[in-house]
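So the chains spell out like this:
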Amino acid sequence: MRKSERQMLIKQIILNNEVSTQDELLAFLHEKGVTATQATISRDIKELNLVKTPSGDGGIKYTIYQNNQVTLEEKLDSTIKSVVTNVTLVQFLNVVKTLPGNAHVIGALIDDIHYPEIVGTVAGNDTIILISKTSEEAEGVYQHFDGALQELE
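Residues numbered from 1 in each chain as written. Predicted model: local features only at pLDDT ≥ 70, side-chain atom pairs only at ≥ 80, totals over all residues. Heavy atoms only, no water.

Draft legend 1. Here's a closer look at the sheet that holds strand β5 (residues 120-123). Ordered in space as β3-β4-β6-β5, the four strands form an open sheet in which the pairing is antiparallel. The open sheet has two free edges, formed respectively by β3 (84-90) and β5, since each of these has just one partner strand. Across the sheet, the mean angle from the axis of one strand to that of its neighbour is 15 degrees, orientation sign disregarded. Looking at chain direction, β3 and strand β4 (residues 93-98) are connected through six bridges and run antiparallel. Bridged to Asn86 within β4 is Lys97. (Pairing = 2+ DSSP bridges. Helix = DSSP H or I, 4+ residues; strand = E, 2+ residues; numbered from the N terminus. Axes fitted to C-alpha atoms, helices over the stretch in contact; angles between N-to-C directions.)

Draft legend 2. Looking closely at helix α3 (residues 38-47). Among the residues making up α3, those that are buried are Thr40, Ile41, Asp44 and Ile45. Buried residues of α3 fall within an arc of 140 degrees about the axis and therefore sit on the same side. Where the residues of α3 are buried, they touch α1 (3-16), α2 (22-31), β1 (50-54) and β2 (60-64). Taken from the residues just after α3, Asn49 is the one with a positive phi, measuring 60 degrees. (Buried < 20%, exposed > 50% of the residue type's maximum accessible area, 1.4 Å probe, protein only. Arc of directions from axis to C-beta. Contact = heavy atoms within 4.5 Å.)

Draft legend 3. Quick look at the pairing of β4. Here β4 shows one buried face, formed by Asn94, Val96 and Thr98, and one open face, formed by Leu93, Val95 and Lys97. Counted along the chain from β3 to the antiparallel partner β4, the turn is two residues long, and its residue Gln91 has a positive phi close to 55 degrees. As paired strands, β4 and strand β6 (residues 127-131) are joined by five bridges and run antiparallel to one another. The residue bridging Asn94 from the neighbouring strand is Leu130, located in β6.

Fair warning: the whole summary comes from geometry, so function is off the table for now.
Rendered as structure tokens:
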């Protein structure tokens, strides 16, 4: 199956089902006779602008990010507001807590934007560590994240 066909099928699956993990997405694809690796699905998720959002049952699910006209910075701010639960400044690091399964989304956006204040990101399931060169640069990153979170209150 060609990439474009697989990605169209992924969109259909996401629109018609509540899919919360890559494994679930792989299972749906397998049911349709499509064999793909986790790495391929991960790239498809990024290219299709899929993000995790709250589902009706209190869990999370993939949805298609609707506004492709926004900048990466706007997408990051929107994602922060949607999935970040806490940010803690620790010297030259920021520890960002997200809803489960969303840390990699924030990490990938930051990596794509290439913030000069952030020299590296490490993302797990629900935690991202943002590494800065100095405490001052880390403070600026903290203020950005905290400001986005404060807008929710």
